[in-house]
Amino acid sequence: MTSVIARSQEYLSFRSTVSLKKVAVDDDDSKYWTVYDVGPRSVKCPIIFFPPVSGKADVFFRQMLGLSAKGYRTISLEYPIHWTMEDFCISFRKLLDHMQLDMVHIFGSSLGGFVAQKFAEYTYRSPRIVSLILCNTFIDTEVFQQTGAAQTFWMVPGFLLKRMVLNNFSREQHDADITNSIDFIVERLESLSRTDLASRLTLNCTSAYVEPQKLHALDITLIDVFDDCAISQSVREEVYKCYPDAKRAHLKSGGNFPYLSRTDEVNLHIQIHLRKYAQSRYDARSPQDEITVPSITKAMGNHGDSRQETEDNGDSAGEVGDHGDSTGEATDPLGLVREDSFSEKHSHDDTEDDL
């Protein structure tokens, strides 16, 4: 049975109005990136979304609709088959060159956050990344305790690979939004080929770690949830230690996929992260769409036009609604838990006090 989200008018509208492109950048034409590109093409520093192991490019459809309607250019990607992190980084750099994007922001979830960090590390001598938004992610693949078996995933049957992923999903009772997000992601997982999934799990579990000293110049926001998810508290603590100056956006709940279950809050944190770049050469959105804190609050629930080229087959519109306060403590003026002011970053000294 089709999931609630996949049957929603919002998702059906997205699929009918936003074109899906396939871009081959490697010598092997069978390896291609799947790309959704929504928003004004005049923006040369867009935000790019990297999905988790189980996700496809459309899992960020609510971010693409909501943010493009406010003037942001948003690009969501689906990975080609790559078996090493170096091959992945080389391929992604070629994609950026093909799309004529010199600098980008990246939002990465779980594996998407890890490969985003590794690409930033790979290009740190000649930066291509302006900033990172990392959601429920990690810095060391050892946490999955599968590094010894990772090189054999290519020959493991598909149903066993899918079971490995599903075992990380919480079996607890959730509210309807979290339950619907899990159902939607499970559908995406079922649609992945065995080879696609094997390559992603290989990247996810092959022994590798991030060298944070190479990313110290980046502007980073960490989005985490307080409720149960596949990333343990100890893993989050390691991420915090590596990025003591990163801004933190904690959501009271949201599960593994808060960009689907807590869309309004996640989109708002993305806008807060990007707003400083509006008038710079790293322009993430149109200058006329500058967002202030009061205007964000006032704009909640409003629709806007997504300006696209003719090849995108029409206009997309999204809305951002108000969920209210995420928690009863440590809230900012917008009612969202955020451990920094809008203009100041955390110091390492108060990290433990904010958890």
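Everything below is about the structure printed above this text.
All values derive from a computational prediction rather than experimental measurement. (Residues numbered from 1 in each chain as written. Predicted model: local features only at pLDDT ≥ 70, side-chain atom pairs only at ≥ 80, totals over all residues. Heavy atoms only, no water.)

Participant: What is the right way to read the overall build of the protein from this model?
Facilitator: Along the backbone of the protein there are 13 helices and 8 strands. Buried residues in the protein amount to 58% of all 355 residues. The contacts of the protein with a sequence gap of at least 6 include a subset with a gap of at least 24, amounting to 77%. In the structure as shown, the protein presents an accessible area of about 15,100 Å², 48% of it carried by carbon and sulfur atoms. (Helix = DSSP H or I, 4+ residues; strand = E, 2+ residues; numbered from the N terminus. Buried < 20%, exposed > 50% of the residue type's maximum accessible area, 1.4 Å probe, protein only. Contact = heavy atoms within 4.5 Å. Areas by Shrake-Rupley, 256 points an atom, 1.4 Å probe, with all protein chains shown as cover.)

Participant: Would you mind showing me how to read the packing of helix 4 (residues 85-98) against helix 5 (residues 111-122) here?
Facilitator: Packed helix pairs are specified by the crossing angle of their axes together with the interaxial distance, meaning the distance between the axes. Remark: helix 4 packs on helix 5, axes separated minimally by 10 Å, with the N-to-C direction vectors making an angle of 75 degrees. The orientation of helix 4 with respect to helix 5, classified from their angle, is roughly perpendicular. When helix 4 is examined against helix 5, the residues Met85, Phe88, Cys89, Ile90, Phe92, Arg93 and Leu96 are found in contact with a partner set consisting of Phe114, Val115, Lys118, Phe119 and Tyr122. Looking at the contact of helix 4 with helix 5 residue by residue, the classes come out as 10 nonpolar, no polar and 2 charged. (Axes fitted to C-alpha atoms, helices over the stretch in contact; angles between N-to-C directions. Parallel < 35°, antiparallel > 145°, perpendicular 65-115°, else oblique. Nonpolar A, V, L, I, M, F, W, Y, C, P; charged D, E, K, R; others polar.)

Participant: I keep staring at the packing of aromatic side chains and nothing clicks. Help me out?
Facilitator: Aromatic rings considered in pairs are described by the distance between their centres and by the relative angle of their planes. Throughout the structure, instances matching the rule amount to 23 aromatic pairs. Between Tyr11 and Phe184, the ring centres sit 5.4 Å apart and the planes meet at 80 degrees, which makes this aromatic pair edge-to-face. Residue Tyr11 is located in helix 2 (residues 9-17), and its partner Phe184 is located in helix 7 (residues 176-191); the two are separated by 173 residues in the primary sequence. Taken as a pair, Tyr11 and Phe184 share a single burial class, namely buried. (Phe/Tyr/Trp six-rings, centres within 6.5 Å; stacked < 30°, edge-to-face > 60°.)

Participant: Even after reading the chapter, I still don't get helix 4, so can you show me in this structure?
Facilitator: Three- or four-residue spacings in an α-helix give side chains the same orientation, since the helix completes a turn every 3.6 residues. For helix 4, spanning 14 residues, the distance from its first C-alpha to its last is 20 Å, which sits close to the expected 20 Å at 1.5 Å a residue. Of all the residues in helix 4, the buried ones are Met85, Phe88, Cys89, Ser91, Phe92, Leu95 and Leu96. One side of helix 4 holds all its buried residues, which, seen down the axis, span an arc of 165 degrees. In helix 4, the exposed positions that point more than 90 degrees away from the buried face belong to Glu86 and His98. Gln100 lies just past helix 4 and shows a positive phi near 60 degrees. (Expected span 1.5 Å × (residues − 1). Arc of directions from axis to C-beta.)

Participant: Would you explain a nonpolar patch on the surface in this entry?
Facilitator: Together, Trp83, Trp154 and Met155 give the surface a local cluster of nonpolar side chains, amounting to about 350 Å² of exposed area. With respect to the helices and strands, Met155 occurs in the loop between strand 6 (129-135) and helix 6 (158-166). (Patch = residues over 30% accessible without salt bridge, like charges linked within 9 Å, V, L, I, M, F, W, Y side chains within 5 Å. Salt bridge = Lys/Arg side-chain N within 4 Å of Asp/Glu carboxyl O.)

Participant: Hey, could you run me through unusual backbone geometry in this one?
Facilitator: Negative phi is the rule for most residues except glycine; trans is the rule for most peptide bonds. Of note in the backbone geometry, Gln100 takes a positive phi value of approximately 60 degrees without being a glycine. The backbone phi angle of Ser110 is positive, close to 55 degrees, even though this residue is not glycine. Following the sequence through the fold, Ser110 ends up in the loop between strand 5 (104-109) and helix 5.

Participant: How do you make sense of the sheet that holds strand 4 (residues 74-78) when you look at a structure like this?
Facilitator: In sheet architecture, strand pairing relies on hydrogen bonds along the backbone and comes in two forms, parallel and antiparallel. Here 8 strands make up an open sheet; going across it, the order is 1-2-4-3-5-6-7-8 and the pairing mixed. Whereas interior strands pair on both sides, the edge strands pair on one side only; in this sheet they are strand 1 (21-23) and strand 8 (247-251). Going across the sheet, the axis of each strand differs from the next one's by a mean of 25 degrees, ignoring polarity. Bridge count for strand 7 (residues 219-225) against strand 8 is 5 bridges, and the pairing is parallel. Among the inter-strand pairings, Leu222 is bridged to a residue of strand 8, identified as Arg248. (Pairing = 2+ DSSP bridges.)

Participant: For this particular structure, what's the right way to read helix 11 (residues 263-274)?
Facilitator: Taking 1.5 Å of rise per residue, the 12 residues of helix 11 would be expected to cover 16 Å, and the 16 Å separating its terminal C-alpha atoms lies within 8% of that figure. Every buried residue of helix 11 is accounted for by Thr263, Asp264, Glu265, Val266, Asn267, Leu268, His269, Ile270, Gln271, Ile272, His273 and Leu274.

Participant: Just checking my understanding: could you explain the packing of helix 6 against helix 8 (residues 194-205) for this structure?
Facilitator: Two numbers describe how helix 6 lies on helix 8: the axes approach to 9 Å, and their chain directions differ by 45 degrees. Judged by the inter-axis angle, helix 6 sits oblique to helix 8. Here helix 6 runs over helix 8; the crossing is left-handed. Listed contacts from helix 8 to Gly158, Leu161, Lys162, Met164 and Val165 of helix 6 are Arg194, Leu197, Ala198 and Leu201. Across the contact of helix 6 with helix 8, the residue classes tally to 6 nonpolar, 1 polar and 2 charged. (Left-handed = near helix turned anticlockwise from the far one by under 90°.)

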